[in-house]
Amino acid sequence: MSASPSTRNTAALIGVCLASLMFGLEISSVPVILPTLETALPADFKDLQWIMNAYTIACTTVLMATGTFADRYGRKLVFITSTVAFGITSLMCGLAQSASVLIAARFLQGLAGGAMFTCTIAIISHQYQDEHERGIAFTTWGIISGIGLGFGPIIGSTINAVSSWHWVFLIHVPLTFLALIPASIGIKESRDPHAKRLDGWGIVTLTIAVFGLTYVITQGADLGRATAIGLAAIAVASFAAFVLVERNTAQPMFDFSVFRIRKFSGAIIGCIGMNFCYWPFMIYLPTYFEGGLGLDSGAVGLLLL
């Protein structure tokens, strides 16, 4: 006997909410263990920066491309695949024995996490056809995502205190299985019959721009002035090329005409401001609290919460 539509929708929502919870936890629980990683791996300050940057850069490069893949090959298929990949790469992070291996694993984890998170939004939009039910579903999804981001520091510090830093990453392996079971049962496969082709040049130019700018900011002091300026110029040129490609291709990955919508532009400016304020604190405050003030990881987690 097949499940009713409401049961399937509930199962699908549980699956995507668990995936969003993992995504949020992985972002905000890692900063509190950076001082521990500094001595456990060991890792220097630049390594700690890249443990965070590798994840966020990877998320950035895959976000827009994921939509095209999901529209063409199926949103459920891409979600399930990326969630499995997130679990595998979380295992890789938890088993890492050096900073370089952890950074590489974090980059792969970011690719999987960014794709997984993007699919959750598309799945809810297509799973719930009734506007009222869709609003409730998105509210639930937003609350669960917020719990992952907001309580990540205290959860990460608690895991680090009672077990080890490895389990801050390994905890996502069982959570992946818990997410996949209801997702596989409940999510209805959906595709866009008019799906766009993959914008390869857009992905390449955006990746070079983001990676180049981040590298200059974090490593520029050791590169030398000429090298740093040259790399910054490459990043700026690559972003200019990205804008040019997107404005002149028939099927762009990002349509810049949306900036003509004042509410959209205002929301984007607000997000930029929030991220400029939020993420530097999330990375540097744990290091200051533990290294500068001598607080334990539990106190650090509570302060960040």
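Each value, and the rule that gives it
Residues numbered from 1 in each chain as written. Predicted model: local features only at pLDDT ≥ 70, side-chain atom pairs only at ≥ 80, totals over all residues. Heavy atoms only, no water. Helix = DSSP H or I, 4+ residues; strand = E, 2+ residues; numbered from the N terminus. Rg over C-alpha atoms; globule rule 2.2 N^0.38 Å. Buried < 20%, exposed > 50% of the residue type's maximum accessible area, 1.4 Å probe, protein only. Contact = heavy atoms within 4.5 Å. Axes fitted to C-alpha atoms, helices over the stretch in contact; angles between N-to-C directions. Parallel < 35°, antiparallel > 145°, perpendicular 65-115°, else oblique. Left-handed = near helix turned anticlockwise from the far one by under 90°. Expected span 1.5 Å × (residues − 1). Bend = angle between axes of the 7 residues up to and from the residue. Phe/Tyr/Trp six-rings, centres within 6.5 Å; stacked < 30°, edge-to-face > 60°.

1. Topic: the overall build of the protein chain
If you tally the helices and strands in the protein chain, you get 12 helices and 0 strands. For the protein chain, the succession of helices and strands along the chain, N to C, is α-α-α-α-α-α-α-α-α-α-α-α. On C-alpha atoms alone, the protein chain measures out to a radius of gyration of 20 Å, which is about the 19 Å that the 2.2 N^0.38 rule sets for 305 residues. Structurally, the protein chain occupies a C-alpha span of about 55 × 50 × 35 Å along its principal axes. Across the 305 residues that make up the protein chain, the buried fraction comes to 44%.

2. A few points about the environment of Thr205
Take Thr205: it is sitting in helix 9 (residues 200-223). C-alpha of Thr205 to C-alpha of Ser29: the two residues are 176 residues apart in sequence and 31 Å apart in space. Discounting residues that sit within four places of it in the chain, Thr205 has contacts with Ser238, Ala241 and Phe242.

3. Observations regarding the packing of helix 1 (residues 5-28) against helix 8 (residues 172-186)
What describes two packed helices is the angle between their axes and the distance between those same axes. The N-to-C vectors of helix 1 and helix 8 enclose an angle of 155°; their axes lie 7 Å apart at closest approach. With respect to their mutual orientation, helix 1 and helix 8 come out roughly antiparallel. Crossing geometry of helix 1 relative to helix 8 is assigned as left-handed. Side by side, helix 1 and helix 8 meet where Arg8, Ala11, Ala12, Ile14, Gly15, Leu18, Ala19, Met22, Leu25 and Glu26 of the first sit next to His172, Leu175, Thr176, Leu178, Ala179, Pro182, Ala183, Ile185 and Gly186 of the second.

4. A short note on helix 9
With 24 residues, helix 9 should cover 34 Å at 1.5 Å per step; its first-to-last C-alpha distance of 30 Å lies more than 12% under that length. Ile217 marks where helix 9 bends most, by close to 55°. Among all positions in helix 9, only Gly202, Ile203, Thr205, Leu206, Ala209, Val210, Gly212, Thr214, Val216, Thr218, Gln219 and Gly220 are buried. On its buried side, helix 9 packs onto helix 3 (45-73) and helix 10 (225-248). Looking one or two residues past helix 9, Gly224 carries a phi angle of roughly 95°, positive in sign.

5. Some points on the packing of aromatic side chains
What the rule picks out here adds up to 16 aromatic pairs. Considering the side-chain rings of Trp165 and Phe169, the 6.2 Å spacing of their centres and the 85° angle between planes classify their relative orientation as edge-to-face. Phe169 shares its class with Trp165; the two are buried. Relative to Phe256, the ring of Phe242 lies with its centre 6.1 Å away and its plane at 70°, an arrangement referred to as edge-to-face. Here Phe256 lies in the loop between helix 10 and helix 11 (262-292) and Phe242 lies in helix 10, a separation of 14 residues in the sequence. Assigned by exposure class, Phe242 and Phe256 land together as buried. Aromatic rings pair up to connect Phe239, Phe242, Phe254, Phe256, Phe259 and Phe264 into one cluster.

So, to be careful, I would describe these as geometric facts and stop short of saying anything about function.
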